[in-house]
Amino acid sequence: MARVSLDTDTTRQLRDGMAQGVLSFPLTSFHEDGSLDPDGLRTHVAAQVATGPGAVFPACGTGEFFSLDEDEYRQVVSIAVEEAGGRVPVVAGVGYGWAQATRFARIAEEAGADALLVLPHYLVAAPQDGLVAQLERIAARTRLPLIAYQRGQVAFTADSLQRIARIPNVIGLKDGHSDLDRLQRLTLAAPEGFLFFNGAATAEIQARAYAAVGVPAYSSAVHAFAPEIANAFFAALQGGERDTVDKLLRDFYVPLVELRDRVPGYAVSLVKAAARLRGRPVGPVRAPLTDPSAGDLADLRTLLATGLDLVGAAL
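Below is a summary of the structure that appears in this document. Small disclaimer: the values here were computed from a predicted structure and weren't measured.

1. Thoughts on the overall build of the protein chain
Here is step 1: Across its full length, the protein chain holds 12 helices and 8 strands.
Here is step 2: Computed over the C-alpha atoms, the radius of gyration of the protein chain is 18 Å, within 12% of the 20 Å expected from 2.2 N^0.38 for a compact globule of 315 residues.
Here is step 3: Judged by the C-alpha coordinates and their principal axes, the protein chain covers about 55 × 45 × 35 Å.
Here is step 4: Taking all 315 residues of the protein chain together, the buried fraction comes to 54%.
Here is step 5: Looking at the protein chain alone, contacts between residues at least 24 apart form 73% of all its contacts between residues at least 6 apart.
Here is step 6: As displayed, the protein chain offers around 12,900 Å² of accessible surface, 51% of which is attributable to carbon and sulfur atoms.
Here is step 7: Charged side chains in the protein chain number 29 positive and 36 negative. The centres of these two groups are separated by 3 Å.

Right under this line is the structure:
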């Protein structure tokens, strides 16, 4: 099949958005009993969109895609589309094997999503031919543009990058490995217009390094609970304000990573806890994740207050 053009409305919107703001990955709101909270989700997504992100990515890792059934997924994506209102692109997460990913893709397409983020497949390691085939099968079954996500057991070579870039619908790659040598090879191998995203955990820590190899756009988990901090960091980075960037990294982002690394799953649990500390209606995480301990929550509150104070905001 011939390669579709990378100059589409969706890719243009994403490219423009990436240059203007961080990428928002909303949390999925649950009630205390673990059931989906559509009203809380709507409030949360509306607040996220109002802060001017480059795009909104519902039902992805931060949004606990792995814990959603298909009916819940439909509600999550539909609410994100409604609240975005066409102001920013909505990129929904899909995953597991290609057959299940296709089912989620169909739901996202019906709900009005603009594109899909293909999360790493479930459990098994796979050769490069298999990684390419996974995307080929999903792309053949949806009209929506796809962004591949390499993380965990998914890591593309430069040759495979060129192969997936020839698949109709595949418009970009999100990287969560932070292997800058590999990433530089991928950016050099990609066709003009192919999109790249920094998807490292707490991406701000490595934002300068990613930008140096041609990947300035990044997702921000901090944006889900403190858009004031995330947007201030983005503006300082874009404006070359090195002292401000260093101070935010030293006094907020690095301590946040150290707190995150205390317990597996805190990359999501801490984000939700921080959002709750600010009165956001996001509720608890679902198993197998666990909410932070009382001690870690106290440390998070102190760190959040420090970060907000650095940018002139309040808890």
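2. Some thoughts on the packing of helix 3 (residues 70-84) against helix 4 (residues 98-111)
Here is step 1: For the pair helix 3 and helix 4, the least separation of the axes is 9 Å and the interaxial angle reads 35°. The element helix 3 and its partner helix 4 pack so that their crossing is right-handed. Within the contact between the two elements, helix 3 uses Glu 70, Tyr 73, Arg 74, Val 77, Ser 78 and Val 81 and helix 4 uses Arg 103, Phe 104, Ile 107, Ala 108, Glu 110 and Ala 111.
Here is step 2: In terms of residue class, the contact of helix 3 with helix 4 is made up of 7 nonpolar, 1 polar and 4 charged.

3. Brief notes about the nonpolar core
Here is step 1: Core analysis: the biggest nonpolar cluster contains 70 residues, and Phe 57, Tyr 73 and Leu 117 have the highest contact counts within it.
Here is step 2: Sequence-distant contacts of Tyr 73, that is, excluding residues within four places in its chain, are made with Ala 59, Phe 65, Leu 68, Ala 92, Gly 93, Val 94, Phe 104, Ile 107 and Ala 108.
Here is step 3: Within the second largest apolar cluster, 34 residues are counted, among which are Ile 229, Phe 233, Tyr 266 and Leu 300.

4. Re the sheet that holds strand 2 (residues 55-56)
Here is step 1: An order of 2-1-8 is seen for the 3 strands of this open sheet, with the pairing classed as parallel. Lying at the two open borders of the sheet, with one neighbouring strand each, are strand 2 and strand 8 (219-220).
Here is step 2: Here strand 1 (residues 23-24) runs beside strand 2; their pairing, made up of 2 bridges, is parallel. Bridge pairing in strand 2 links Ser 24 to Val 56.

5. Examining the packing of helix 2 (residues 38-50) against helix 3
Axis angle and axis distance: for two packed helices, these are the angle between their axes and the distance between the axes, and together they describe the pair.
Here is step 1: Closest axis-to-axis distance for the helix 2/helix 3 pair is 9 Å, and the angle between their directions is 40°. By the angle between their directions, the pair helix 2 and helix 3 is classed as oblique. With respect to the hand of their crossing, helix 2 and helix 3 are arranged in right-handed fashion. Only Gln 75, Val 76, Ile 79, Ala 80, Glu 82, Glu 83 and Ala 84 of helix 3 make contact with helix 2, whose side of the interface consists of Pro 38, Leu 41, Arg 42, Val 45, Ala 46 and Val 49.

6. With respect to the sheet that holds strand 3 (residues 91-94)
Here is step 1: The strand order across the open sheet formed by 5 strands is 3-4-5-6-7, and the pairing between neighbours is parallel. In this open sheet, the two strands that pair with only one neighbour each are strand 3 and strand 7 (195-198). Averaged over all pairs of adjacent strands, the angle between strand axes in this sheet comes to 25°, irrespective of strand direction.
Here is step 2: Pairing between strand 4 (residues 115-118) and strand 5 (residues 146-150): 3 bridges, direction parallel. For Leu 117, the partnering residue across the bridge sits in strand 5 and is Ile 147.
Here is step 3: Against the sheet, helix 7 (residues 180-189) engages strand 5, strand 6 (170-175) and strand 7, with an angle of about 160° to strand 7.

How each quantity is defined
- Residues numbered from 1 in each chain as written.
- Predicted model: local features only at pLDDT ≥ 70, side-chain atom pairs only at ≥ 80, totals over all residues.
- Heavy atoms only, no water.
- Helix = DSSP H or I, 4+ residues; strand = E, 2+ residues; numbered from the N terminus.
- Rg over C-alpha atoms; globule rule 2.2 N^0.38 Å.
- Buried < 20%, exposed > 50% of the residue type's maximum accessible area, 1.4 Å probe, protein only.
- Contact = heavy atoms within 4.5 Å.
- Areas by Shrake-Rupley, 256 points an atom, 1.4 Å probe, with all protein chains shown as cover.
- Lys, Arg positive; Asp, Glu negative; His and termini not counted.
- Charge placed at Lys NZ, Arg CZ, Asp CG, Glu CD.
- Axes fitted to C-alpha atoms, helices over the stretch in contact; angles between N-to-C directions.
- Left-handed = near helix turned anticlockwise from the far one by under 90°.
- Nonpolar A, V, L, I, M, F, W, Y, C, P; charged D, E, K, R; others polar.
- Core = buried A, V, L, I, M, F, W, Y, C linked by side-chain atoms within 4.5 Å.
- Pairing = 2+ DSSP bridges.
- Parallel < 35°, antiparallel > 145°, perpendicular 65-115°, else oblique.

By themselves, these observations are geometric and do not establish any function.
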